[in-house]
Amino acid sequence: EIDGVKYQMPKNEGENNLHGGAGNFQNSFWTGKIISCEEASDFIGDLKIKNDWTIETEGVLMSFMLADGVCGVPGNMDMQVLYTWATDGTLIICYKAKSDKKTIFAPTNHSYFNIDGQAAGRIGEQLLWIDSEQLTEKDMDNVPNGKYIDVADTEFDFRTPCATERVLVKTSSNPQLNCSKGADSNYVLKTTQDQVSLVASVESLKSGRKMEVLTNFPGVQLY
């Protein structure tokens, strides 16, 4: 409900909506173009998000128009996503959107990483760190219910780096793991909208690689 008007998003997972529905960002063809290093820097600067990045390369700018009413979402929304690299090896993904109506906008990337390499097997021994004290609680249909759970004294506590094996289970006494048959939880972050912050990392003692995650978003999904 927005300003007293109710909008119905499609039910595509039982009674729930998952990832928008048909016609959403991931199920649509985007227009892509290569932009210069300077143009990529300007795009990021226009977002007014504080960061320490120096852009190293050209970027790829993806554009898409989500029409008013698609997926039950109000407004014609001009959407852009920039992919580029910084000199310190940071892969940068930035989102920008403008709508002609008050609407909702909750984009994410849906990447999977195994820092031991392609087809390297299980990630259970890799060390995960997440700077978060709470999860958004889920009901048994795997959908957040508006409540929060403290991670302290649970399998979800990665405030000190721990092996990911503890959440890679199909059955558990923890209902938050049972309802998703493993890890599929949103960690509440301490970020601010106007600045990127280091929120998580994963490290492999086998490969020696370490990946850090920085964002200005309010949550990060462990899946």
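The notes below deal with the structure included here. What you see is a predicted model, and the numbers here were worked out from it, not measured in a lab.

What counts and what doesn't
Residues numbered from 1 in each chain as written. Predicted model: local features only at pLDDT ≥ 70, side-chain atom pairs only at ≥ 80, totals over all residues. Heavy atoms only, no water. Helix = DSSP H or I, 4+ residues; strand = E, 2+ residues; numbered from the N terminus. Rg over C-alpha atoms; globule rule 2.2 N^0.38 Å. Buried < 20%, exposed > 50% of the residue type's maximum accessible area, 1.4 Å probe, protein only. Contact = heavy atoms within 4.5 Å. Areas by Shrake-Rupley, 256 points an atom, 1.4 Å probe, with all protein chains shown as cover. Lys, Arg positive; Asp, Glu negative; His and termini not counted. Charge placed at Lys NZ, Arg CZ, Asp CG, Glu CD. Pairing = 2+ DSSP bridges. Axes fitted to C-alpha atoms, helices over the stretch in contact; angles between N-to-C directions. Patch = residues over 30% accessible without salt bridge, like charges linked within 9 Å, V, L, I, M, F, W, Y side chains within 5 Å. Salt bridge = Lys/Arg side-chain N within 4 Å of Asp/Glu carboxyl O. Arc of directions from axis to C-beta. Core = buried A, V, L, I, M, F, W, Y, C linked by side-chain atoms within 4.5 Å.

1. A closer look at the overall build of the chain
Here is step 1 of the chain: A count of helices and strands for the chain gives two helices and 12 strands.
Here is step 2 of the chain: The linear arrangement of helices and strands in the chain, starting from the amino end, is β-α-β-β-β-β-β-β-β-α-β-β-β-β.
Here is step 3 of the chain: Taking 17 Å as the expected radius of gyration for a compact globule of 223 residues, we find that the chain reaches 19 Å, a close match to that expectation.
Here is step 4 of the chain: Structurally, the chain occupies a C-alpha span of about 45 × 45 × 35 Å along its principal axes.
Here is step 5 of the chain: Across the 223 residues in the chain, those meeting the buried criterion constitute 32%.
Here is step 6 of the chain: Sequence separation of 24 or more characterises 58% of the internal contacts of the chain that already satisfy a separation of 6 or more.
Here is step 7 of the chain: Just so you have it, the chain exposes about 13800 Å², and 51% of that area is on carbon and sulfur atoms.
Here is step 8 of the chain: The distance from the centre of the 20 positive side-chain charges to the centre of the 31 negative ones in the chain is 3 Å.

2. Considerations on the sheet that holds strand β3 (residues 77-85)
Here is step 1 of the chain: Pairing is antiparallel in the open sheet, where four strands are placed in the order β1-β2-β3-β4. Of all the strands in the sheet, the pair left with one neighbour each is β1 (31-35) and β4 (91-99). Recorded for the sheet is a direction-independent mean angle of 20 degrees between the axes of neighbouring strands.
Here is step 2 of the chain: Where strand β2 (residues 59-66) and β3 come together, seven bridges link them in antiparallel fashion. From the neighbouring strand, Met-65 faces β3, where its bridge partner is Asp-78.
Here is step 3 of the chain: Along the sheet, helix α1 (residues 37-46) contacts β1, β2, β3 and β4; its crossing angle with β3, the most-contacted strand, is approximately 125 degrees.

3. Quick look at a negative patch on the surface
Here is step 1 of the chain: A cluster of acidic residues, Glu-38, Glu-39, Asp-42 and Asp-46, forms a negative patch at the surface.
Here is step 2 of the chain: With respect to the helices and strands, the residue Asp-42 is situated in helix α1.

4. A look at α1
Here is step 1 of the chain: Among the residues of α1, Ala-40, Phe-43 and Ile-44 are the ones counted as buried. One side of α1 carries all its buried residues, which in axial view fall inside an arc of 95 degrees. Structural note: α1 exposes Glu-38 and Asp-46 on the side pointing more than 90 degrees away from its buried face.
Here is step 2 of the chain: Buried residues along α1 sit against β1, β2, β3 and β4.
Here is step 3 of the chain: Phi turns positive, to about 55 degrees, at Lys-48, one or two residues after α1.

5. With respect to the nonpolar core
Here is step 1 of the chain: Grouped together as the largest cluster of nonpolar side chains are 16 residues, with contacts concentrated most on Leu-128, Ile-130, Phe-156, Phe-158, Val-167, Tyr-187 and Leu-222.
Here is step 2 of the chain: Only β5 (127-130) and β10 (197-203) provide two or more residues apiece to this core.
Here is step 3 of the chain: In terms of residue count, the dominant contributor to this core is β10 (three residues).
Here is step 4 of the chain: Counting residues in each nonpolar core, the second largest holds 10 residues, with Ile-44, Ile-55, Leu-61 and Cys-94 among its members.

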